[in-house]
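# Report on the structure
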Amino acid sequence: QELALKSLGNEGLFLFSSLDTNKDLYLSPEEFKPIAEKLTGVAPVSESEEEEMQDPDGETLSIVAKFQPLVMETMTKSKDGFLGISHVALSGLRNWTAPAAPMSVLPARQFKAFLPPKNKVDLGDPWWIIPSELNIFTGYLSNNRFYPPPPKGKEVIIHKLLSMFHPRPFVKTRFAPQGAVACIQASSSFYYTIAFRIHAEFQLNEPPNFPFWFSPGQFTGYIVLSKDSSHVRDFRLFVPNNRSLNVDMEWLYGASESSNMEVDIGYLPQMELESTAPSIPTVIHDENGNVIDSRDPSGEPIQFVFEEITWQQEMPWDEAAQRLEVAMYPFKKISYLPFTEAFERAKAEKKLVHSILLWGALDDHKASCASSVPGSGRTLRETVLESSPILALLNESFISSWSLVKELEELQSNRENEFYSKLAELHLEKYNFPVEMIICLPNGTVIHHINANYFLDITSMKPEDVESSIFSFSTNFEDPSTATYLQFLKEGLQRAKPYLQS
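Residues numbered from 1 in each chain as written. Predicted model: local features only at pLDDT ≥ 70, side-chain atom pairs only at ≥ 80, totals over all residues. Heavy atoms only, no water.

### Observations concerning the sheet that holds strand 8 (residues 212-216)
Strands sit in the order 4-7-8-11-12 across an open sheet of five strands; the sheet is antiparallel. Looking at which strands have only one partner, the edges of the open sheet turn out to be strand 4 (169-170) and strand 12 (261-266). (Pairing = 2+ DSSP bridges. Helix = DSSP H or I, 4+ residues; strand = E, 2+ residues; numbered from the N terminus.)

Written out as structure tokens, the structure reads:
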């Protein structure tokens with residue numbers, strides 16, 4: 001390591017380390033590949049592409065990419081004019097104004113990666129296309145990388161699709177939950193509609209600049225394809241844009257893993273792939289098996305007529321999306337309602353509201369804010385919020401909700417509904433960065449709250465060191481964070497008794 005530093009200097013070693021994936025201080029041909037491709041401009045043919053060439057008669061699917069760049073004004077750091085942030089750091093983001101490939105033609109057979117395994121043919125029963133290999137115990141993957149590892153197996157088609165947006169997609173994110181999950185949304189004799197959800201991110205910078213990670217909350221979509229994968233009827237993949245913030249960004253300021261990292265969130269209006277029409281044969285045969293011209297005598301392309309699909313079983317899109325969400329996030333086994341709806345439901349059911357207020361989203365793959373910020377929603381959802389005792393108590397006694405600070409600020413300033421405005425104000429009064437857990441009455445009165453940083457601090461202490469009797473540890477659970485959160489919820493119920501009884 002010292003010799004390498006002496007030979008290459010800090011920044012040279014940083015680049016070398018970003019390529020040296022197994023950290024053995026030697027670059028194998030596989031590890032050197034990104035640099036070879038960069039210098040020669042030639043990418044070798046992958047095994048999957050060789051397989052495609054063996055099926056010259058297969059169908060092809062035309063896909064278009066639609067992209068509107070991130071709205072820079074939605075970034076928190078835009079409020080002070082990106083003060084103190086070098087122009088170079090954001091260059092990859094600012095220069096990304098259009099998709100890398102506005103259109104692509106792909107073999108239909110490549111989409112067989114979306115087909116279900118034999119034991120997953122029930123509607124809404126999720127399976128992993130790309131399994132998540134990370135959890136709270138394994139930690140996360142290195143930030144110090146510029147070039148994605150070569151995709152393998154089912155990763156290949158997802159890598160190809162995401163490469164239409166940007167040349168450096170990472171189909172496995174640095175943080176859990178990684179991967180891609182799918183379920184059958186509809187089924188007929190010969191076709192499936194498959195709903196899917198993908199967690200992936202992009203590296204926007206290249207050497208000599210430092211890494212800049214761009215992580216959309218999720219990619220979701222559907223594909224209608226034949227059960228033998230020979231024909232794709234319809235395909236759509238997109239980043240949901242229904243919330244006010246949907247992308248997390250992180251960038252390094254130095255040549256080491258421990259270098260300062262800036263984090264921010266923002267809004268991406270459009271990132272979408274869509275098939276232009278059903279897949280069509282590359283070579284057309286007549287009824288006698290003879291190859292015929294793909295254009296009619298007047299030079300117009302031959303028009304294909306596709307049979308109507310009669311679905312024998314189907315489920316609503318929202319329900320399929322919910323199944324995928326629970327597969328990615330077990331804490332979603334209970335419903336998290338929109339903010340105002342949660343209070344209406346709590347009033348009707350005479351329950352308390354369990355509310356989580358965050359800087360960034362709880363159910364996007366980069367929750368709350370970057371993992372480099374302690375107390376992130378990511379830690380909460382991977383520990384206490386998905387534990388069985390917490391799920392049981394929340395289901396029995398609370399209506400749950402999570403909200404973005406930005407959304408509540410907008411709700412507070414909207415004076416059309418004074419009650420909703422007041423609810424938002426009561427919440428924001430108690431908020432401290434990055435995440436605040438709040439228990440309140442149906443009228444919005446806050447009866448208990450705890451900041452995630454404080455919560456994580458006290459749960460990492462030894463029980464005898466915790467002074468506060470409010471968050472005393474229970475011996476029933478080995479996990480102190482579960483015990484402490486359970487205590488927090490029960491304390492809220494206790495404080496609310498006089499109000500609920502009246």
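### Some points on unusual backbone geometry
At the junction of Pro207 and Pro208, the peptide bond is cis and its omega measures out at 10° in the coordinates. Secondary-structure assignment places Pro208 in the loop between strand 7 (201-203) and strand 8. For the peptide bond that leads from Phe433 to Pro434, omega is 0°, which places it in the cis range. With respect to the secondary-structure elements, Pro434 resides in the loop between helix 11 (418-430) and strand 21 (435-440). Even without a glycine there, the phi angle at Phe82 is positive, about 55°. Along the chain, Phe82 falls in the loop between strand 1 (59-68) and helix 4 (91-94). For Lys350, which is not glycine, the phi dihedral falls at a positive 55°.

### Considering the sheet that holds strand 22 (residues 446-451)
Across a sheet, paired strands are connected by hydrogen bonds in the backbone, their directions being either parallel or antiparallel. Taken in spatial order, the five strands line up as 18-20-19-21-22 in an open sheet, and their pairing is mixed. For this open sheet the edge positions go to strand 18 (336-337) and strand 22, each flanked by a neighbour on one side alone. Packing against the sheet, helix 7 (residues 339-349) makes contact with strand 18, strand 19 (352-358), strand 20 (398-404) and strand 21, and its axis sits at approximately 165° to strand 20. (Contact = heavy atoms within 4.5 Å. Axes fitted to C-alpha atoms, helices over the stretch in contact; angles between N-to-C directions.)

### A word on the side chain of Glu155
Position of Glu155 among the secondary structure elements: in helix 5 (residues 155-162). Sequence-distant contacts of Glu155, that is, excluding residues within four places in its chain, are made with Ile130, Pro150, Val171 and Lys172.

### Re the nonpolar core
Core analysis: the biggest nonpolar cluster contains 59 residues, and Tyr336, Ile356, Leu380, Leu385, Met437, Tyr485 and Leu489 have the highest contact counts within it. Structurally, this core is a two-domain feature, drawing no fewer than three residues from each of domain 2 (59-324) and domain 3 (330-501). Once you skip the residues sitting within four places of it in the chain, Tyr485 turns out to touch His354, Ile356, Val384, Leu385, Ile390, Met437 and Phe455. Grouped together as the second largest cluster of nonpolar side chains are 54 residues, Met75, Leu93, Phe214 and Met271 included. (Core = buried A, V, L, I, M, F, W, Y, C linked by side-chain atoms within 4.5 Å. Buried < 20%, exposed > 50% of the residue type's maximum accessible area, 1.4 Å probe, protein only. Domains from an automatic or database assignment.)

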